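Notes for the structure review
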Number of protein chains: 2
Amino acid sequence: MSESLPAFTPDEYRQRLARAQKLMAERGLAALLVTTEMNFRYFSGLHTQAWVMPTRPMFLVLPAARHPVAVIPSGSLVGMRQNSWIADVRTWPAPRPPDDGVTLLRDALSEISGPGDRIGAELGPETQLRMPLLDYHRLADLLAPRSFQDASALMFRLRMLKSPAETARIRAAAQILSRSFAALPDALHAGMTEREACVALQKKLLDGGIEKIPYLVAASGREGYETINANPGDRQLLSGDVLIIDTGSTADGYFCDFDRNFAFGSRDDATRRAHDLVYAATDAGIAAARPGRTAGEVWRAMAKKLGEDAVRGASVGRMGHGLGLALTEPPSIHPDDQTVLEAGMVITIEPGVAYAAADGSRKVMVHEEDVLLTEGPPTLLSTRAAADMPVIA
Amino acid sequence: MSESLPAFTPDEYRQRLARAQKLMAERGLAALLVTTEMNFRYFSGLHTQAWVMPTRPMFLVLPAARHPVAVIPSGSLVGMRQNSWIADVRTWPAPRPPDDGVTLLRDALSEISGPGDRIGAELGPETQLRMPLLDYHRLADLLAPRSFQDASALMFRLRMLKSPAETARIRAAAQILSRSFAALPDALHAGMTEREACVALQKKLLDGGIEKIPYLVAASGREGYETINANPGDRQLLSGDVLIIDTGSTADGYFCDFDRNFAFGSRDDATRRAHDLVYAATDAGIAAARPGRTAGEVWRAMAKKLGEDAVRGASVGRMGHGLGLALTEPPSIHPDDQTVLEAGMVITIEPGVAYAAADGSRKVMVHEEDVLLTEGPPTLLSTRAAADMPVIA
């Protein structure tokens with residue numbers, strides 16, 4: 001996989017830091033404290049699975065003017081030296097609950113800030129500070145009268161605009177998933193379970209070069225499904241069923257995220273109409289995703305096509321989102337999201353409707369594609385789904 | 001997979017709540033606020049991949065005397081109704097950044113506590129509060145003069161002792177991994193890359209019934225490897241190499257976690273001696289893992305076998321840890337960990353040494369097994385590695 005992807009150069013990381021420093025200056029921040037996996041990798045280049053273990057925090061200190069400092073467990077030092085452009089790396093032998101990096105952070109932040117300075121941290125929406133809160137409070141006490149303030153929006157602002165090397169990874173993941181979905185019908189048959197169908201897809205993804213499959217949900221039912229956020233189960237797929245599989249899978253740490261629907265045998269007209277409607281809404285969402293428009297306007301373009309009642313019934317709260325190092329990140333394709341779209345953003349277009357199946361039961365139908373915004377029409381990173389559901393004989 | 005596993009009964013969840021309430025009473029806590037994936041599932045039974053998305057928090061309120069309350073995004077309501085014993089479920093249409101569950105939490109916590117009461121939350125070691133910190137601060141302000149205090153140790157105390165249904169899942173995962181590791185040599189050959197070897201293992205895991213593979217690291221090199229916490233790469237495996245693969249994989253949400261070493265062709269004496277030493281240390285660690293001993297004593301039993309210099313050189317900070325809903329959880333097999341072991345705990349035994357390969361380069365060698373503590377000798381959940389490394393011709 002990685003051989004064919006453009007490398008992240010030290011220059012790219014220097015530019016990311018420079019853009020962060022410009023925003024720090026505008027906001028009067030002396031430094032940023034980074035604790036989360038995605039921002040740590042974004043600024044350091046270290047791509048590690050150590051984050052799966054809740055035991056050991058890892059930190060970056062990004063000063064407004066000087067070089068960044070990494071504060072990490074000694075067990076991650078070899079990886080850091082091999083994979084990061086950051087030269088100033090300070091370590092401690094974690095786990096050490098009485099002092100898991102706190103005094104090292106105090107030192108690093110003290111060196112580059114003065115009393116009264118403000119330090120930006122990951123405190124806002126869609127963000128969880130990735131260190132024990134008691135340690136954060138202790139750090140804040142040690143650094144007083146310096147204060148922390150939210151800088152999560154600042155970091156999302158940088159991450160929303162993808163570089164070509166980042167886009168290449170999302171596209172690689174999306175293309176592997178597209179090929180795997182396209183080849184999946186040959187591996188499906190009536191009588192198999194949701195779980196077996198998902199194993200078949202995962203093996204194709206791994207053979208195709210996908211690195212991780214952190215998110216893979218499936219749902220099925222006669223003429224449709226009731227929810228999409230469910231673990232694949234032991235339900236047998238039978239003639240008349242619709243199956244949806246939705247996955248967030250990665251190439252070199254970057255996510256694609258989209259779903260596909262599969263029909264087992266023939267479908268009723270109601271199901272067919274729901275599919276056509278959501279397909280058309282996806283087209284409308286893609287067409288609306290232009291620089292200068294807001295995320296809310298993209299939502300409204302889809303909602304207009306779908307009709308408000310159908311949207312409300314299906315709603316998982318929005319009809320798409322940013323993606324990149326995280327499966328979901330700002331902006332939200334939500335009526336209240338005022339983010340102005342720009343070329344270089346990567347978002348999902350993910351409309352859904354509620355409908356009544358032929359037997360009167362309530363079902364939902366969801367579609368999804370991944371797009372890169374450009375100055376002109378968006379570029380599809382996923383291969384557009386066929387206008388008709390693939391039919392499994 | 002799940003058909004063959006014993007179900008978690010509503011009674012089991014009632015017992016978990018009752019044990020939590022007993023500890024709350026002892027500590028003078030009016031309630032627990034639960035925000036993290038593992039504790040949310042432990043108390044509610046809802047096993048969902050929604051946690052992969054940083055966008056939407058989910059909460060439980062566990063009162064000292066009354067019934068629990070779930071506060072979740074409306075998109076997770078169907079899953080909650082189908083999978084949780086909790087009846088009082090309150091929802092909001094997330095994402096809604098101005099109020100992502102905060103006022104619902106304020107209401108739920110106000111109903112079951114009075115001014116001056118203390119509420120336990122996940123603030124301590126090995127824990128990260130899983131909500132935006134600004135929201136937590138707002139909640140604390142709304143609830144004042146109630147106060148939050150750390151209850152992470154209380155929750156880990158409960159989770160450390162596994163029920164039979166929990167152990168069955170860890171054992172199922174460990175047995176699938178054991179069988180997959182045992183079958184792997186047939187799929188390995190000189191000339192393939194680390195990544196290809198890991199794809200072969202992952203496909204076996206999926207065919208065997210593994211649900212997720214959140215953690216899978218590999219390292220290789222001539223006569224040994226330099227670190228173990230690395231993503232599988234494009235390095236070609238050649239005669240004279242040692243390959244290690246270490247994975248934390250799940251069955252129905254519960255982790256196994258162990259590694260295996262593979263020799264490509266013959267090995268030098270130094271590598272062979274390192275392997276024998278770590279193998280013997282693993283035996284010593286397993287033998288020492290008895291109720292009444294401390295986690296530190298298990299560490300010392302292994303360190304004595306290995307020799308202190310070798311331990312220091314290899315150290316990733318400890319030689320094992322608890323496992324269950326999390327890949328790593330308390331206790332730590334660390335010299336300073338005073339946790340007294342009890343029957344029902346599940347831990348990894350994970351010794352490592354540094355050694356000089358025949359060419360003088362510094363290498364490490366790590367082994368790992370998963371064990372369930374009993375009143376007598378521990379029960380292996382993984383199938384004990386062969387005394388000699390499998391040799392790939």
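Parameters at a glance
Residues numbered from 1 in each chain as written. Chains lettered and ligands numbered in written order. Predicted model: local features only at pLDDT ≥ 70, side-chain atom pairs only at ≥ 80, totals over all residues. Axes fitted to C-alpha atoms, helices over the stretch in contact; angles between N-to-C directions. Helix = DSSP H or I, 4+ residues; strand = E, 2+ residues; numbered from the N terminus. Parallel < 35°, antiparallel > 145°, perpendicular 65-115°, else oblique. Left-handed = near helix turned anticlockwise from the far one by under 90°. Contact = placed C-beta atoms within 7 Å. Nonpolar A, V, L, I, M, F, W, Y, C, P; charged D, E, K, R; others polar. Domains from an automatic or database assignment. Core = buried A, V, L, I, M, F, W, Y, C linked by C-beta atoms within 7 Å. Buried ≥ 20, exposed ≤ 12 C-beta atoms within 10 Å, placed from the backbone. pLDDT = per-residue confidence, 0-100. Pairing = 2+ DSSP bridges. Least-squares fit on C-alpha atoms with pLDDT ≥ 70 in both. Expected span 1.5 Å × (residues − 1). Arc of directions from axis to C-beta.

**Some points on the packing of helix α7 (residues 164-183) of chain B against helix α8 (residues 194-208) of chain B**
A packed helix pair is summarised by two numbers, namely the angle formed by the two axes and the spacing between the axes. Residues and elements named next belong to chain B. Contact geometry of α7 with α8 gives a least axis separation of 9 Å together with a crossing angle of 140°. The pairing of α7 with α8 is recorded here as oblique in orientation. Handedness of the α7/α8 crossing: right-handed. Within the contact between the two elements, α7 uses I176, L177, R179, S180 and A183 and α8 uses L201, K204, L205 and G208. Class assignment of the residues belonging to the contact of α7 with α8 gives a composition of five nonpolar, two polar and two charged.

**Here we look at the domain arrangement of chain A**
Residue and element names in this part refer to chain A. Domain boundaries assigned for chain A yield domain 1 (2-159) and domain 2 (161-392). Averaged C-alpha coordinates put domain 1 and domain 2 at centres separated by 33 Å. For the side of domain 1 that touches domain 2, the secondary-structure elements that each account for two or more residues are α2 (37-44) and α6 (152-160). Its residues assigned to classes, the side of domain 1 that touches domain 2 shows six nonpolar, two polar and four charged.

**Details of the nonpolar core**
Counting 237 residues, the largest nonpolar core has V61(A), A173(A), V61(B) and A173(B) as its most contacted members. With residues up to four places along the chain from it excluded, the contact list for A173(B) reads I210(B), S249(B), T250(B), A251(B), Y254(B), F255(B) and C256(B).

**Comments concerning the environment of G292(A)**
All names here are of chain A. You can see G292 is positioned in the loop between α9 (269-288) and α10 (295-306). Each C-alpha atom, one on G292 and one on V340, is 5.7 Å from the other, the two residues being 48 residues apart in sequence. Not counting the four nearest positions on each side in its chain, G292 is found in contact with V340 and L341.

**Digging into the confidence of the model for chain A**
Per-residue pLDDT for chain A averages 95, and the proportion of residues at 70 or more is 98%. This complex was scored by the predictor with a pTM of 0.97 and an ipTM of 0.96.

**Concerning the sheet that holds strand β6 (residues 147-150) of chain B**
Sheet strands associate in pairs through backbone hydrogen bonding, adopting either a parallel or an antiparallel arrangement. Residue and element names in this part refer to chain B. Read across the sheet, six strands follow the order β4-β3-β2-β1-β5-β6 without closing on themselves; strand pairing throughout is mixed. With partners counted over all chains shown, the strands left at the sheet margins are β4 (88-92) and β6, one partner each. In this sheet, adjacent strand axes meet at a mean angle of 25° when their direction is disregarded. Its contacts with the sheet put helix α2 (residues 37-44) on β1 (31-34), β2 (59-63) and β3 (69-73), and the angle it makes with β2 is roughly 55°.

**Focus on the relation of the copies chain B and chain A**
Note on the identical chains: chain B maps onto chain A by a rotation of 180° and an axial translation of 0.0 Å, with an RMSD of 0.0 Å. Such values leave the two copies arranged in the relation of a two-fold axis. No C-alpha of chain B lies nearer the rotation axis than that of K203(B), which sits 3.0 Å from it. Same-surface contact between copies: 100% of interface residues of chain B are shared with the interface of chain A.

**Some thoughts on the interface of chain B and chain A**
On the side of chain A, 56 residues touch chain B, which itself brings 56 residues to the contact. Among the secondary structure elements, those contributing two or more residues to the side of chain B that touches chain A are α3 (77-83), α5 (133-143), α8 and β7 (212-222) of chain B. Per-element accounting of the side of chain B that touches chain A gives the leading share, five residues, to α8(B). Looking at the side of chain B that touches chain A residue by residue, the class counts come to 26 nonpolar, 21 polar and nine charged.

**Some points on the packing of helix α9 (residues 269-288) of chain B against helix α10 (residues 295-306) of chain B**
All names here are of chain B. Relative to each other, α9 and α10 sit at 155°, their axes nearing to 8 Å. Looking at the two axes, α9 sits roughly antiparallel to α10. In this structure, the crossing between α9 and α10 has a hand that is right-handed. Contacts from L277, A280, A281, A284, G285 and A288 in α9 reach E297, V298, A301, M302, K305 and L306 in α10. In terms of residue class, the contact of α9 with α10 is made up of nine nonpolar, one polar and two charged.

**Brief notes about the pairing of strand β13 (residues 352-356) of chain A**
Where β13(A) meets strand β14 (residues 362-366) of chain A, five bridges bridge the pair, whose relative direction is antiparallel. Note that in β14(A) the partner of Y355(A) across the bridge is K363(A).

**Considering the sheet that holds strand β3 (residues 69-73) of chain A**
Residue and element names in this part refer to chain A. Reading across from one edge, β4-β3-β2-β1-β5-β6 is the order of the six strands in this open sheet, with mixed pairing throughout. Taken across any chain shown, the strands that pair with only one partner, and hence form the sheet edges, are β4 (88-92) and β6 (147-150). Ignoring which end each strand starts from, the neighbouring axes of this sheet average 25° apart. Relative to β6, strand β5 (residues 118-121) is paired through four bridges, and the arrangement is parallel. By the bridge assignment, A121 is partnered in β6 with D150.

**Some words on the environment of E368(B)**
Residue and element names in this part refer to chain B. Along the chain, E368 falls in the loop between β14 (362-366) and β15 (369-372). Sequence separation of E368 and V278 is 90 residues, and the distance between their C-alpha atoms is 9.3 Å. Dropping the residues within four chain positions of it, E368 is found in contact with D246, F258, D259, T348, I349 and E350.

**Re the pairing of strand β12 (residues 346-349) of chain A**
A regular strand carries its side chains on alternate faces of the sheet. Residues and elements named next belong to chain A. Of the two faces of β12, both are covered, the one formed by V346 and T348 as well as the one formed by I347 and I349. The pairing of β12 with strand β15 (residues 369-372) spans four bridges and is classified as antiparallel. For V346, the partnering residue across the bridge sits in β15 and is L372.

**A closer look at helix α1 (residues 10-27) of chain A**
Residue and element names in this part refer to chain A. When the terminal C-alpha atoms of α1 are compared, their 26 Å separation across 18 residues agrees well with the 26 Å that a helix rising 1.5 Å per residue should span. If you check which residues of α1 are buried, you get L17, A20 and M24. Within α1, the buried residues cover an arc of 65° as seen down the axis, which keeps them to one side. Residues of α1 that are exposed and point over 90 degrees away from its buried face: D11, A18, K22, A25 and E26. Where α1 is buried, its residues meet β1 (31-34), α2, β2 (59-63), β5 and α6. One or two residues past the end of α1 sits G28, with phi positive at roughly 70°.

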